[in-house]
Amino acid sequence: MPDVESTILTALASGSDATIPDSFTFATTSNLDHNSIVGTCKSLQTDAYVTLTERSTQFYVLGKEAESIVKDGSQEIRVLSALIAAGTDGLGMPELQSSVGKDVCKIGMGNCLKNKWAKKDKASGKLIAAVTELPTDDVKEQLVALKSAASEEENTKCVDDKAAAALKRRKLISLITRKSYTICRGPSYAPQRVKKAADLTKEMLESGKWKDTQFKEYNFQTLGESVGGGYLHPLMKVRAEFRKILMEMGFEEMPTNKWVESSFWNFDSLFQPQSHPARDAHDTFFIKEPAETISVPEEYYERVKNMHEKGGNGSIGYRTVFERKEAMKNLLRTHTTAVSSQMLYKLANQPGGFKPARYFSIDRVFRNESMDATHLCEFHQVEGLVADYNLSLGDLIGTVETFFHKIGIKRLRFKPAFNPYTEPSMEVFGYHPGLKKWTELGNSGMFRPEMLAPMGLPKDVRVIAWGLALERPTMIMYNINNIRTLFGHKVDMGMIKNAPICRFEADEEEGGVAEEAKV
């Protein structure tokens, strides 16, 4: 195949007024691809070697059925010919279909009746010719004229607009518009293009070649390439707002950067029995390597073991053998309460003794669950706790209400529930205006004395705690129905890039200040 650029420049070399009238015709005669001609011309135009003028050519193209008519005649003429040959007896539908073909019969019969070339006998139901001689086959003649036109420009002049419209209605022809270019010499035309240098290099400066080198003009108006930055995931946007609210409420963030925990901190320290179903592999991801933790505080371990086996502080314990092997198993933490238990242990044994504290965490937890539209094997848990003297259930309800009011959920209900490490325990329900129903938001309770006593906390210290998943409120705020479109490998990166900011703005309401969630 000849070089496209060389072919174009050579064709324009005959004189200053040399032109290529139509790039499509030029491509055909030069045995070149028209798209290659256009692409090369636009590149040459950038360096002012050529100028381009867009042109548009319209012409009719015959379809497959039209080609058949050019060869054998129109359907109506073929049907009429068969009817004239049959004489006054006419033809029934089966005979006519057998004579000219089913498709030809269907189209031709309708046109014959429309033109009153044929009529249907009411008695026999047969089709009889109403004329004795074949009329001129106008459709065939029009199609032959279009096909044999001297050029594409002349093609549209072969038939009048009315006839062309009738042919298009029958889908025999279609009007094609082809874009091409008239190519002329540009201000910088030369028989051979010398590409200008885009960069001034060290070698050019050293050799002095830059003095004779043509450089591209610098475009001060061009924009630099857009730099793709990182984008916060919707979960992280909601997390940032939750974190800000909790810190405004006086909570301190717990260190939750350790996803692997021992069964001792995840279950045993929370007074969760070693026979609890949550410890089964169907509910928890256990670690194969290393399978066991290195160490736990031994004096605390013994107190936890004693509480499980014998009880204390008014409890009889579980009255089962507490196995060290079970306590040492490593696992992916099933809740951030494993971190809460460690923080409370440190709080009880810090220099200077116990001091009231408020802690919170927002981080990832893992459970071996079946995945569906609302459940994943990993999710984010929001947890808060308050440790202070003589706290009551009223303090827990007040703290939970304050938090949820700040994230825009003002109508709450509390339902008694059971947790191994809290008593009393309450599930928290909130009214969803969009769904028009009450939906479960989280869990709450007061840590049991069996959990707190082995830590060494003073007897009159109480700990209230509550928690919820981060995904559910995020799905509500961003109107997401399937959790797998929010978190995991099926997430659309465009959604993350374009997700609006989540914020909670204060709105004045009758009786006080409430918060409204907005995205």
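In what follows, the structure referred to is the one given above.
Residues numbered from 1 in each chain as written. Predicted model: local features only at pLDDT ≥ 70, side-chain atom pairs only at ≥ 80, totals over all residues. Heavy atoms only, no water.

## Re unusual backbone geometry
Logical step 1: Of the consecutive residues E289 and P290, the connecting peptide bond is found in the cis state with omega at -5°.
Logical step 2: Mapped onto the secondary structure, P290 falls in the loop between α13 (263-266) and α14 (298-309).
Logical step 3: At the junction of E423 and P424, the peptide bond is cis and its omega measures out at 0° in the coordinates.
Logical step 4: For P424, the position within the fold is in strand β12 (residues 422-432).
Logical step 5: In the Ramachandran plot, N313 falls in the positive-phi region, its phi being about 55° despite a non-glycine side chain.
Logical step 6: Even without being a glycine, R319 presents a positive backbone phi close to 55°.
Logical step 7: Given a relative accessible area of 61%, R319 falls into the exposed group. (Helix = DSSP H or I, 4+ residues; strand = E, 2+ residues; numbered from the N terminus. Buried < 20%, exposed > 50% of the residue type's maximum accessible area, 1.4 Å probe, protein only.)

## Quick notes on the pattern of salt bridges
Logical step 1: Per the counting criterion, the structure on display carries 16 salt bridges.
Logical step 2: Across the pair K147 and E67 runs a salt bridge whose closest N-O atoms are separated by 2.8 Å. One end of the pair, K147, is in helix α8 (residues 138-147); the other, E67, is in helix α4 (residues 64-72), with 80 residues separating them in the sequence.
Logical step 3: Using a relative accessible area of 33% as the deciding quantity, one classes E67 as partly exposed.
Logical step 4: Across the pair K157 and E154 runs a salt bridge, and its minimum N-O distance is 3.9 Å.
Logical step 5: The exposure class of K157 is exposed, given its relative accessible area of 63%. (Salt bridge = Lys/Arg side-chain N within 4 Å of Asp/Glu carboxyl O.)

## Some thoughts on the sheet that holds strand β1 (residues 19-20)
Logical step 1: The sheet built from three strands is open, its strands ordered β1-β5-β2 with antiparallel pairing. Edge positions in the sheet fall to β1 and β2 (50-62), since each has one partner strand and no second.
Logical step 2: Sheet analysis places β1 next to strand β5 (residues 173-185), joined by two bridges and oriented antiparallel. Counterpart to I20 in the pairing with β5 is I183. (Pairing = 2+ DSSP bridges.)

## Thoughts on the nonpolar core
Logical step 1: One finds F242, L246, V382, F403, F404 and W466 to be the most contacted residues of the largest nonpolar core, which totals 36 residues.
Logical step 2: Listing elements by their share of this core, those giving two or more residues are α12 (234-248), β9 (357-366), β10 (378-389), α17 (393-406), β12, β13 (437-447), β14 (461-469) and α19 (471-477).
Logical step 3: Excluding residues that lie within four positions of it along the chain, W466 makes contacts with L246, F251, V382, E383, G384, L396, T399, V400, F403, N443 and S444.
Logical step 4: Within the second largest apolar cluster, 33 residues are counted, among which are F264, V296, A327 and M451. (Core = buried A, V, L, I, M, F, W, Y, C linked by side-chain atoms within 4.5 Å. Contact = heavy atoms within 4.5 Å.)

## Structural notes on the packing of α4 against α8
Logical step 1: The contact between α4 and α8 brings their axes to 9 Å, and the two run at 110°. The angle between α4 and α8 falls in the class roughly perpendicular. Every residue of α8 that contacts α4 at A66, E67, I69, V70 and K71 is listed here: V139, K140, L143, V144 and K147.
Logical step 2: Of the residues that constitute the contact of α4 with α8, the class distribution is six nonpolar, no polar and four charged. (Axes fitted to C-alpha atoms, helices over the stretch in contact; angles between N-to-C directions. Parallel < 35°, antiparallel > 145°, perpendicular 65-115°, else oblique. Nonpolar A, V, L, I, M, F, W, Y, C, P; charged D, E, K, R; others polar.)

## Focus on the sheet that holds β14
Logical step 1: Reading across from one edge, β6-β9-β10-β14-β13-β12-β11 is the order of the seven strands in this open sheet, with mixed pairing throughout. The open sheet has two edge strands with one neighbour each: β6 (252-253) and β11 (412-419).
Logical step 2: Across two bridges, β6 lies against β9 in parallel orientation. The partner of E253 across the bridge, within β9, is F360.
Logical step 3: Packing of α12 onto the sheet brings it into contact with β6, β9, β10 and β14, and relative to β9 it is tilted by some 165°.
Logical step 4: Running over the sheet, α17 touches β11, β12, β13 and β14 and is turned about 35° from β14.

## Here we look at helix α7 (residues 102-114)
Logical step 1: With 13 residues, α7 should cover 18 Å at 1.5 Å per step; its first-to-last C-alpha distance of 19 Å lies within 8% of that length.
Logical step 2: Within α7, the full set of buried residues consists of V104, C105, G108, M109, N111 and C112.
Logical step 3: The inward-facing, buried residues of α7 contact α5 (75-86), α6 (93-100), β3 (118-120) and β4 (127-129).
Logical step 4: Positive backbone phi, at 60°, marks K116, one or two positions downstream of α7. (Expected span 1.5 Å × (residues − 1).)

## A few points about the side chain of Q274
Logical step 1: Considering the arrangement of structural elements, one finds Q274 in the loop between α13 and α14.
Logical step 2: Under the relative-accessibility criterion, Q274 is labelled buried at 18%.
Logical step 3: Side-chain polar atoms of Q274 contact the backbone nitrogen of E323, separated by 2.9 Å.
Logical step 4: In this structure, Q274 is in contact with D268, R279, V321, F322, E323, E326 and A327, ignoring residues within four places of it in sequence. (Polar contact = N/O pair within 3.5 Å; in protein donor to acceptor, adjacent residues only side chain to side chain.)

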